[in-house]
Amino acid sequence: MKTSVALVKREVLDGKNGYFWVPVILAGLTVALVVLSSLGFGNMLYFDGMEHEGIENLADAMNKAAAREPNEFPAAVTIGYWAMSILAWVALPFVIFFALLGALYEERRDRSILFWKSMPVSDWQEVLAKFFAPLVVAPLTFLGVAIAAQLVIAVFLSILMIFQGGPVLDLWPLGLMITSWFTMISHYFIWVLWALPILAWVLFVSSYAARMPFLWAILPPFVLMVVEEMFLDTSIIARWVAIHLGGWQDGAFRGMSDDFDGPRDLLMALINGTHWQSLSYSLSNLNFWLGLVIAGGFLWGAVEMRKRAI
């Protein structure tokens, strides 16, 4: 156990730029934009009819929104916080992809694999640590940064509301905020389980590509899709890849109503059932289990390739 923890820590330290600094920089940019736009509300942000509603600053807009839809306001604030911190999450798939792509390739390229092979650590422990860090540590770090950004924005807006005479307590729907954090990370891990064969393929490519691992990861599946389309006039491979990258959600949420009467209905639909619906759909889907088996095969291949690496 201690060995596995040490290996994961090493991977995190090696990839700290992607795991930590990327979300921090993006979240910092988002917070800066929110601060500037809030202070310049009416100049930087203008909406038609503001002058007729007597809106001169952000507090006026907040007061009117809270008075007009008191039941909707907390949900709207929670969704707003996510919208203002979403920029950091956009980078997460790229961080995961390139971390996996370089995980086993870089140690062969710089010959550091010779040192690590001299350590009393098995190849499967090394491979699992390199697979675990991008898929688990990276999203938890991104979530932590997103939560911190939301809290910083909430504190700033609260201070601004104090000076401008706006609603302060209404900016802290803590119950909805905390629930949305757990919903986000639970849905992410269900998505990861579906995407596992694709992600394991990327790590497998990293274990054998002599050069240009990016092309090795992209070209073979693309060529297979093109050949299948040309000679068989089908798109089974393309559909399978699309399903595992997120298309499964269409089936999981097919019975879910998309008629939302305001932000509260939307938020309640997201936090009150989507993760359980996703989980039950996944566990009863053959494609899901087949993907896990294929992912296991790619991981076994990555371990075997590392055993033979010099």
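Residues numbered from 1 in each chain as written. Predicted model: local features only at pLDDT ≥ 70, side-chain atom pairs only at ≥ 80, totals over all residues. Heavy atoms only, no water.

(A) Molecular detail of the pattern of salt bridges. Scanning the model with the defined rule gives six salt bridges in all. Close ionic contact of K307 with E304 constitutes a salt bridge, the shortest N to O distance being 3.3 Å. Of the two residues, K307 and E304 are both situated in helix 15 (residues 286–308); the distance of three residues between them amounts to about one turn of the helix. When its relative accessible area of 17% is taken as the criterion, E304 is described as buried. (Salt bridge = Lys/Arg side-chain N within 4 Å of Asp/Glu carboxyl O. Helix = DSSP H or I, 4+ residues; strand = E, 2+ residues; numbered from the N terminus. Buried < 20%, exposed > 50% of the residue type's maximum accessible area, 1.4 Å probe, protein only.)

(B) Inspection of the packing of helix 1 (residues 2–14) against helix 9 (residues 123–164) at higher detail. In contact at an axis separation of 9 Å, helix 1 and helix 9 are set at 55° when each is read in the N-to-C sense. Considering their axes alone, helix 1 and helix 9 lie oblique with respect to each other. Seen along the crossing, helix 1 lies across helix 9 with a hand that is right-handed. On the side of helix 1, the interface is formed by T3, S4, L7, V8, R10, E11 and V12, while helix 9 contributes Q125, E126, A129, K130, F132, A133 and V137. Counted by class, the contact of helix 1 with helix 9 contains seven nonpolar, three polar and four charged residues. (Axes fitted to C-alpha atoms, helices over the stretch in contact; angles between N-to-C directions. Parallel < 35°, antiparallel > 145°, perpendicular 65-115°, else oblique. Left-handed = near helix turned anticlockwise from the far one by under 90°. Contact = heavy atoms within 4.5 Å. Nonpolar A, V, L, I, M, F, W, Y, C, P; charged D, E, K, R; others polar.)

(C) Just the packing of helix 5 (residues 73–90) against helix 6 (residues 92–103), in detail. Remark: helix 5 packs on helix 6, axes separated minimally by 5 Å, with the N-to-C direction vectors making an angle of 15°. It follows from the interaxial angle that helix 5 and helix 6 lie roughly parallel. Mapping the contact onto sequence places A88, W89 and V90 in helix 5 and L92, P93 and F94 in helix 6. Its residues placed into classes, the contact of helix 5 with helix 6 shows six nonpolar, no polar and no charged.

(D) A look at the packing of aromatic side chains. Taken as a whole, this structure holds 15 aromatic pairs when the rule is applied. Taking the centre distance of 5.3 Å and the plane angle of 85° together, the rings of F288 and W289 count as edge-to-face. Residue classification places W289 among the partly exposed positions, given a relative accessible area of 42%. An aromatic cluster of at least three residues, connected via ring pairs, comprises W201, F204, Y208, W216 and F298. (Phe/Tyr/Trp six-rings, centres within 6.5 Å; stacked < 30°, edge-to-face > 60°.)

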